[in-house]
Amino acid sequence: MTMTLHCFGESGNAYKAALTLELAGADWTPKFVDFFNGEGRSDAFLDLNVMGEVPVLEDGDMVLTQSGVIQDYVSSKTGKLGGKSAAERREVLRWMFFDNHKVSGVAGNLRFLMNFMPEDRRNADVIAFQAARLKSALKVVETQLGRTAWLAADDITIADIAVAGYLFYPEPFTFDRKDYPNIDRWMDAIAAQPGWKHPYDLMPGSPADRT
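Residues numbered from 1 in each chain as written. Predicted model: local features only at pLDDT ≥ 70, side-chain atom pairs only at ≥ 80, totals over all residues. Heavy atoms only, no water.

Colleague: I keep staring at the packing of aromatic side chains and nothing clicks. Help me out?
Modeller: Each aromatic ring pair is specified by the distance between its two centres and by the angle formed by the two planes. By the definition in use, this model includes 13 aromatic pairs. Taken together, a centroid distance of 5.9 Å and an interplanar angle of 80 degrees make the contact between Phe-8 and Phe-36 edge-to-face. With Phe-8 in the loop between β1 (3-7) and α1 (12-23) and Phe-36 in the loop between β2 (28-32) and α2 (43-48), this pair connects stretches of sequence that are 28 residues apart. The class of Phe-8 is buried, set by a relative accessible area of 6%. (Phe/Tyr/Trp six-rings, centres within 6.5 Å; stacked < 30°, edge-to-face > 60°. Helix = DSSP H or I, 4+ residues; strand = E, 2+ residues; numbered from the N terminus. Buried < 20%, exposed > 50% of the residue type's maximum accessible area, 1.4 Å probe, protein only.)

This is how it looks when you write it as structure tokens:
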């Protein structure tokens, strides 16, 4: 049975789920959520996910929300991208929790503030604070990737997909790959995986659609 991922291209969290599905070779299809026109706040969508957020994965009667949960489910279902031992799985979870709090949780807000928030509502002090937090977190990732090829195991896992999710977006949010040579090498290795696609090619919806 084909799984359905409710998503839109601009969402980095949806991209983590979509890329996990794609790299795991899962049978799935995207369903566009018109987030910027309020679909996430509609009664129909809130019935699906009370949090009003993408991604949402439907697999038969099962409905899952939150990117990390979806990634874990897809990894468990396919037997791919989850590490090869209990110790590796713990490392996967460690980096995914780190990402949620320190990388994506900051990069997503920063990218929204700098690109999608109306210009007259952009607060320079908030942006500077968030940029400093992101830089600090990326230094940790850069250090780890100077020691190992992948974050949590000897091959790509959902932890790599999670941490890299927002970093593939082209909009400016103070991240520049040339400042992080280990991250740059790692992102190239992710993009070289069979099935990899840019977020705007993998999911429907992009800023170009609204111009």
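Colleague: What is the right way to read the side chain of Ser-75 from this model?
Modeller: As for its placement among the helices and strands, Ser-75 is situated in helix α3 (residues 67-78). The contacts of Ser-75, once residues within four sequence positions are left out, are Lys-80, Leu-81, Gly-82 and Ile-158. (Contact = heavy atoms within 4.5 Å.)

Colleague: I'm lost on the pairing of β2 in this one. Help?
Modeller: Put simply, side chains in a regular strand alternate between the two faces of the sheet. Sheet analysis places β1 next to β2, joined by 5 bridges and oriented parallel. For Thr-4, the partnering residue across the bridge sits in β2 and is Thr-29. The parallel pair β1 and β2, bridged by α1, forms a crossover whose chirality is right-handed. (Pairing = 2+ DSSP bridges. Right-handed = clockwise from strand over helix to strand, strands pointing away.)

Colleague: Can you help me understand the nonpolar core in this one?
Modeller: If you look at soluble globular proteins, the nonpolar side chains tend to sit buried side by side. Residues Leu-5, Leu-57, Val-141, Ile-183 and Trp-186 are the most contacted members of the largest nonpolar core, which totals 65 residues. When sequence neighbours within four positions are dropped, the list of residues in contact with Trp-186 reads Leu-145, Ala-149, Trp-150, Leu-151, Asp-160, Val-163, Ala-164 and Leu-167. (Core = buried A, V, L, I, M, F, W, Y, C linked by side-chain atoms within 4.5 Å.)

Colleague: What am I meant to see in unusual backbone geometry here?
Modeller: Most peptide bonds take the trans form, and the phi angle of most residues other than glycine is negative. A cis amide bond links Val-54 to the next residue, Pro-55, at an omega of 5 degrees. Non-glycine residue Gln-66 carries a positive phi angle of around 75 degrees. Looking at the secondary structure, you find Gln-66 in the loop between β4 (62-65) and α3. The exposure class assigned to Gln-66 is partly exposed, which follows from its relative accessible area of 33%.

Colleague: Can you walk me through the sheet that holds β4 in this structure?
Modeller: What holds strands together in a sheet is hydrogen bonding between their backbones, with the strands either parallel or antiparallel. One open sheet accounts for 4 strands, arranged β2-β1-β3-β4; its pairing is mixed. In this open sheet, the two edge strands, each paired with only one partner strand, are β2 and β4. Direction aside, the axes of adjacent strands within the sheet are offset by 20 degrees on average. Across the sheet, α1 lies against β1, β2 and β3 (56-59), angled at about 155 degrees from β1, the strand it touches most. (Axes fitted to C-alpha atoms, helices over the stretch in contact; angles between N-to-C directions.)

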